[in-house]
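Spelled out from the first residue to the last, the chains are:
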Amino acid sequence: MLLSRLAKGPHQQHPRLSLSRLASTATTHPSAHAPKPPRFKWTKRILKGGAVVGLGVVAWTIYDLRHPMPQFEWDPSKKTIAILGTGWGSVSMLKDLDTENYNVVLVSPRAYFLFTPLLPSCTVGTIELRSIMQPIRFLTRFKKREILFIEGNCTHVDPENQIITVQDSSQIVGDVSVTDIKYDYLVVGVGAENATFGIPGVKEHASFLKEAWDARRIRTQLLDCLESAAFPNQTESEKERLLHMVVVGGGPTGVEYAAELHDFLHDDITTWYPEIAGKFKITLVEATPHVLGMFPPDLIAYTEKTFAENKVDIRNNTAVKEVRQKDIVVLNRETQALETIPYGLLVWATGNAPRPLVADLIAQLPKDLQNQRRGLVTDDWLVVKGSPRGSIFALGDCSATKWAPTAQVASRQGAYLANMFGHLANMKREQAQFEQQGKTSLDVVQTLPPFVYTHMGSLAYVGGEKAIADLPGNIHIGGMLTFYFWRSAYLSNLFTLRNRTLVAFDWMKCKMFGRDISRE
Ligand code: NAD
């Protein structure tokens, strides 16, 4: 094209570029030979300067992330806060807490923070697990004072004597594997476990989607199902069973997992397993009349329509009654008919139940104040009701409050508690006066403003590069643009530059090369 243009004579050139015209310009305007001042000189300089400064900031941030400063040592004259858990609430509190004023003990069986909203993406390999994990020592090592992190399970709280018992959770344990720790304040942020409602077979046969190891297990099982279905001479009925992925619970976890499964089928299985792709089936089982009960009706309708287009079967009004090794028994709530559904992989996402530690603590507190089965009842300052001297606080999914048990609520509660402990330290003199008057830290806490939560909206991925958003001001949106909004919101909410970079690379890698289908 370019060559043919060049081959054409000057008579065919654009009039403004003809040689004769250039020549005449040269004779009539001698000044045209003078060098022209570069255009956009300042814009270019500013852009270059900006790029250099930007690179400098990134380089400094990376350097800073790898070179923590020396820390203050443990100070016996300061009060000790024991924080249980490394989830949204506890980590957000730790992030904002001024540790100059306190000694801090952090106890959790998980030595990392997990960005749970992107966990469904890890089950199919859109994102790698390590990209959404942040080692907890990368955080504790940056606090002003040394933090005692113990990788272990808090197995018992003695509220009266203010002591916690911690059991080593490692697979390889030393001579000492249990220890008692005295605290002045205890912050319980241990999250919740999966609700199974006592349905037989769930714990034995279903996979959950709460922890990193759950996502790893689901990914392995999913690929197992595919390979077993592709095994020579596999019977048709067995192929059908192995390729039937059933998700129980139409809350955001179940919906987002089903959406990711659809993408995996659409983008990868169809290409790499053409012989079985047509048999792959996804069913979402929900006990109530609609999925995503906490979203507005128009977004529920949009989700159900998108799922229908994507051939993800939603079975509303259907409650699982029993789980067996290869099938589930469901009850259709409209017709009261029982049905058996064979499955290859079963993912259970029916919400939260309190952990044994929380149930044990509730049992030790006054029954009239701790009357919720969901978790620890707190007052407006997040103080656990009935805890001696107001020394125990609870936040996140292990607490029973008027807010939904979401990451957003837990992380605000964490920031609130960090701020509150800061105020408490500053109010030392008043605190001493209070103590002289026989009052407790609870009386000091209650002079501070209570926790107030402002909801910033809810987002959910529904598959096929579409998402829904329920935003403040009654704004309900759904579609591809919302998907990019969903991605950018999650990217900016990731805890560190390291996680943001890894997740952005994973998304790019997935778009360019597809998902990795090798089973580890
Ligand atoms: P959930 O409690 O929101 O939903 C569980 C669903 O399972 C319910 O719809 C329930 O009717 C259904 N169910 C219960 N028993 C059943 C049975 N036997 N058979 C069939 N269905 C059954 O649970 P979740 O999705 O795990 O979410 C937990 C919390 O985390 C919620 O507060 C949720 O809002 C929050 N969350 C939010 C997001 C987001 O905003 N994107 C993502 C994940 C979780």
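All values derive from a computational prediction rather than experimental measurement.

Visitor: Describe empty space enclosed by the protein, and please don't skip the residues or the numbers.
Guide: Remark: the empty space left among the atoms is shown by a probe the size of a water molecule rolled over them. Counted by the stated rule, this structure contains 1 cavity of 30 Å³ or more. Quantified by volume, the largest cavity comes out at close to 40 Å³. Together, T123, V124, R219, L222, L223, F264, D516 and I517 line the largest cavity. No other element matches helix 8 (residues 212-229), which puts 3 residues into the lining of the largest cavity.

Visitor: Requested: an account of the nonpolar core, with residues and values cited.
Guide: Judged by nonpolar contacts, the single largest core of 102 residues is most densely connected at F280 and F421. For this core, the leading source of residues is helix 14 (residues 407-426), giving 9 residues. In contact with F421, other than residues within four places in its own chain, are I81, M93, L97, Y102, Y185, V187 and F393. Core analysis: the second largest hydrophobic core is formed by 24 residues, C154, V157, L357 and I392 among them.

Visitor: Lay out helix 4 (residues 88-96) with the relevant residues and their values.
Guide: Burial of helix 4 is extensive: 7 of the 9 residues sit out of reach of the surface. All of the buried residues along helix 4 are W88, G89, S90, V91, S92, M93 and L94.

Visitor: Which residues make up the site of the ligand, and what are the values?
Guide: Around the ligand, a shell composed of 24 residues is seen, among which T253, E286, A287, V320 and L459 lie nearest. At a separation of 2.7 Å, an oxygen atom of the ligand approaches a polar side-chain atom of E286. Computed on the free molecule, the ligand has an accessible area of 840 Å², of which 77% lies beneath the protein chains in the complex. Among the residues forming the shell around the ligand, the class breakdown is 13 nonpolar, 9 polar and 2 charged.

Visitor: Help me get a handle on the side chain of N103, residues and values and all.
Guide: As for its placement among the helices and strands, N103 is situated in strand 2 (residues 102-108). Owing to a relative accessible area of 0%, N103 belongs among the buried residues under this scheme. A distance of 3.3 Å separates a polar side-chain atom of N103 from the backbone oxygen of K78. Not counting residues within four places of it along the chain, the set of residues in contact with N103 comprises W74, D75, P76, K78, K79, T80, I81 and R145.

Visitor: Could you give an account of a nonpolar patch on the surface, naming the residues involved and the relevant values?
Guide: Judged by side-chain polarity, F505, M508, M512 and F513 come together as a nonpolar surface patch covering roughly 490 Å² of accessible area. When you line up the elements, M512 lands in helix 18 (residues 497-513). On the accessibility criterion, M512 (58% relative accessible area) is exposed.

Visitor: How would you sum up a positive patch on the surface? Please name residues and give values.
Guide: Side chains of K36, R39, K41, K44, R45 and K48 sit close together on the surface and give a patch of like positive charge. Inspection of the secondary structure puts K48 in helix 3 (residues 41-66). Owing to a relative accessible area of 63%, K48 belongs among the exposed residues under this scheme.

Visitor: Tell me about unusual backbone geometry, residues and numbers included.
Guide: We note that Q336 has phi near 65°; this positive angle belongs to a residue other than glycine. Examined against the element boundaries, Q336 turns out to sit in the loop between strand 15 (327-332) and strand 16 (338-342). For Q336, a relative accessible area of 51% corresponds to the exposed category. Located in the positive-phi region is E465, a residue other than glycine, with phi close to 60°. Relative to the helices and strands, E465 resides in the loop between strand 22 (458-463) and strand 23 (466-471).

Visitor: Account for the UniProt feature "domain: FAD/NAD(P)-binding" (unreviewed entry) in the protein chain, with residues named and values stated.
Guide: With numbering aligned to this structure, UniProt lists the feature "domain: FAD/NAD(P)-binding" (unreviewed entry) at residues 80-414. Summarising residues 80-414: 30% helix, 28% strand, and an end-to-end C-alpha distance of 17 Å.

Visitor: Quick one: what's the story with the packing of aromatic side chains, residue by residue and with numbers?
Guide: Within the structure shown, the criterion is met by 19 aromatic pairs. When the centroid spacing of 6.3 Å and the interplanar angle of 65° are considered together, the rings of Y185 and F393 count as edge-to-face. Of this pair, Y185 sits in strand 8 (residues 185-188) while F393 is found in strand 20 (residues 392-394), placing the two residues 208 residues apart along the sequence. Between W486 and Y490, the ring centres sit 5.1 Å apart and the planes meet at 50°, which makes this aromatic pair tilted. Separated by 4 residues within a single helix, W486 and Y490 lie in helix 17 (residues 480-493), roughly one turn from each other. Each member of the pair, W486 as well as Y490, carries the same accessibility label: buried. In textbook terms, an aromatic cluster arises when at least three aromatic residues are bridged by ring pairs, as seen for W88, F113, F115, Y461, F483, Y484, W486, Y490 and F495. Stacked on the ring of W42, the Lys or Arg R45 has its end atom at 4.8 Å from the ring centre.

Visitor: Would you mind going over the environment of L292 in detail, with residue names and values included?
Guide: Looking at the secondary structure, you find L292 in the loop between strand 12 (281-285) and helix 12 (297-309). The class for L292 is buried, based on a relative accessible area of 0%. With 68 residues separating them in the primary sequence, L292 and D360 have C-alpha atoms 32 Å apart. Those residues in contact with L292, other than ones at most four positions away along the chain, are G250, G251, P252, V255, I300, T303 and I468.

Visitor: An account of the side chain of D263 is requested, with residue identities and associated values reported.
Guide: With respect to the helices and strands, D263 occurs in helix 10 (residues 252-272). Despite its burial, D263 remains without a salt bridge, the nearest opposite charge being carried by R515 at 4.3 Å. When residues no more than four places from it in sequence are discounted, the contact partners of D263 are D268, Y461, G463, G464 and R515.

Visitor: Can you break down the sheet that holds strand 22 residue by residue, with the values?
Guide: One open sheet accounts for 3 strands, arranged 22-23-24; its pairing is antiparallel. A single partner strand is all that each edge strand has here, and the edge strands are strand 22 and strand 24 (475-479). Taken over all neighbouring pairs, the strand axes of this sheet differ in orientation by 10° on average, direction set aside. In this structure, strand 23 lies alongside strand 24, joined through 5 bridges in antiparallel fashion. Across the sheet, A467 pairs through a bridge with G479, a residue of strand 24.

Parameters and conventions
Residues numbered from 1 in each chain as written. Predicted model: local features only at pLDDT ≥ 70, side-chain atom pairs only at ≥ 80, totals over all residues. Heavy atoms only, no water. 1 Å grid on protein atoms, 1.4 Å probe; cavity = no way out; pocket = protein on both sides within 12 Å on 5 of 7 lines; lining within 4 Å. Points joined across faces, edges and corners; volume = space filled by probe spheres on them. Helix = DSSP H or I, 4+ residues; strand = E, 2+ residues; numbered from the N terminus. Core = buried A, V, L, I, M, F, W, Y, C linked by side-chain atoms within 4.5 Å. Buried < 20%, exposed > 50% of the residue type's maximum accessible area, 1.4 Å probe, protein only. Contact = heavy atoms within 4.5 Å. Near = heavy atom within 4 Å. Polar contact = N/O pair within 3.5 Å; in protein donor to acceptor, adjacent residues only side chain to side chain. Areas by Shrake-Rupley, 256 points an atom, 1.4 Å probe, with all protein chains shown as cover. Nonpolar A, V, L, I, M, F, W, Y, C, P; charged D, E, K, R; others polar. Patch = residues over 30% accessible without salt bridge, like charges linked within 9 Å, V, L, I, M, F, W, Y side chains within 5 Å. Salt bridge = Lys/Arg side-chain N within 4 Å of Asp/Glu carboxyl O. Lys, Arg positive; Asp, Glu negative; His and termini not counted. Charge placed at Lys NZ, Arg CZ, Asp CG, Glu CD. UniProt positions renumbered as here; feature names shortened; annotations may be inferred. Phe/Tyr/Trp six-rings, centres within 6.5 Å; stacked < 30°, edge-to-face > 60°. Lys NZ or Arg CZ within 6 Å of the ring centre and 35° of its normal. Pairing = 2+ DSSP bridges. Axes fitted to C-alpha atoms, helices over the stretch in contact; angles between N-to-C directions.

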